[in-house]
Amino acid sequence: MKDTQISPSEWEVMRVVWTTHPITSKEISRILNEKKDWKLATTKTLIGRLVKKGMLTTAQNGRQYDYSPAVTEDESLKEASGHLLNQVCTRKVGELIEMMIESSTLSIGDLESLENIIQMKKENAPEVVACGCIPGQCTCS
Ligand SMILES: [Zn+2]
C-alpha cells in the first residue's frame, strides 16, 4: 500500500492539480500564490514529495514537466477521513462526527443525505460500539 498520508500544504497542491491537469509547477505556483506566500521552490518541493508518495504522475513536456493526479479527490478524502477515524477510540467516533457536523456549514441537500445515511445505519446499529483500544489508551475498560 502506498503512503497517501499528506500534509495540509500538500493538500493545497493536490487541490490545484485535481482541479486542473495536466499542469506545470509554474502554473500550480501561480494559482497558490493567491493564497499562500510560497516561493516557486517551495511549491516544487511539495510537488516532489507528492510524486514520491505516488500521488502525482509526471510527463515530460519540452523543457518542463506536466503533473496529473494519480488518485482521485474522492479516494483521497475517503482515506484521509479513515486515518482520522482510526486515531480515536471506536466509541469516540460518534462524538468526533458530531463535532464535525456542528462546526460545518451544511446545505439542505447535505443534511438530507446525512439523514438518509443515519436512517440506514440505525437499522443495523449495535447497542454499544466495541472498543478495540489497548489498555491505557482510552477509558472504556
Ligand atoms: Zn476504547
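I will try to describe carefully the structure that is included in this document.

Reading guide: rules and limits
- Residues numbered from 1 in each chain as written.
- Predicted model: local features only at pLDDT ≥ 70, side-chain atom pairs only at ≥ 80, totals over all residues.
- Heavy atoms only, no water.
- Pairing = 2+ DSSP bridges.
- Helix = DSSP H or I, 4+ residues; strand = E, 2+ residues; numbered from the N terminus.
- Contact = heavy atoms within 4.5 Å.
- Axes fitted to C-alpha atoms, helices over the stretch in contact; angles between N-to-C directions.
- Salt bridge = Lys/Arg side-chain N within 4 Å of Asp/Glu carboxyl O.
- Buried < 20%, exposed > 50% of the residue type's maximum accessible area, 1.4 Å probe, protein only.
- Donors = N, O, S within 2.8 Å, 3.2 Å for Na, K, Ca; no water.
- Tetrahedral: all angles 85-135°; square planar, octahedral: opposite > 155°, others 65-115°.

Some details on the sheet that holds strand 1 (residues 23-24)
At step 1: Ordered by their spatial adjacency, 3 strands build an open sheet running 1-3-2, and the pairing between neighbours is antiparallel. The open sheet has two edge strands with one neighbour each: strand 1 and strand 2 (56-61).
At step 2: Its contacts with the sheet place helix 3 (residues 40-52) against strand 2 and strand 3 (64-69), and it is angled at close to 115° to strand 2.

Some words on the pattern of salt bridges
At step 1: Enumeration over the complete set of coordinates arrives at 4 salt bridges.
At step 2: Between R49 and E10 there is a salt bridge, with its nearest N and O atoms 3.7 Å apart. With R49 in helix 3 and E10 in helix 1 (residues 8-19), this pair connects stretches of sequence that are 39 residues apart.
At step 3: Judged by relative accessible area, which is 2%, E10 ranks as buried.
At step 4: When the shortest N-O distance is used, the salt bridge between E12 and K36 registers 3.8 Å. One end of the pair, E12, is in helix 1; the other, K36, is in the loop between helix 2 (25-32) and helix 3, and 24 residues separate them in sequence.
At step 5: You can call E12 buried: its relative accessible area is 15%.

Description of the coordination of the zinc ion
At step 1: Ligation of the zinc ion by protein atoms is provided by C89 (SG), C131 (SG), C133 (SG) and C138 (SG), these donors lying 2.2 to 2.6 Å from the ion.
At step 2: Geometry at the zinc ion is tetrahedral, judged from its 4 donor atoms and the angles of 93 to 129° they form at the metal.
At step 3: Between the donor residues of the zinc ion, the gaps in sequence give the motif C-x41-C-x1-C-x4-C. Placement of the pair is C89 in the loop between helix 4 (73-85) and helix 5 (93-102) and C138 in the segment after helix 6 (108-123), with a sequence separation of 49 residues.
At step 4: A residue is classified by how much of its surface remains accessible, and C89, at 8% relative accessible area, is buried.

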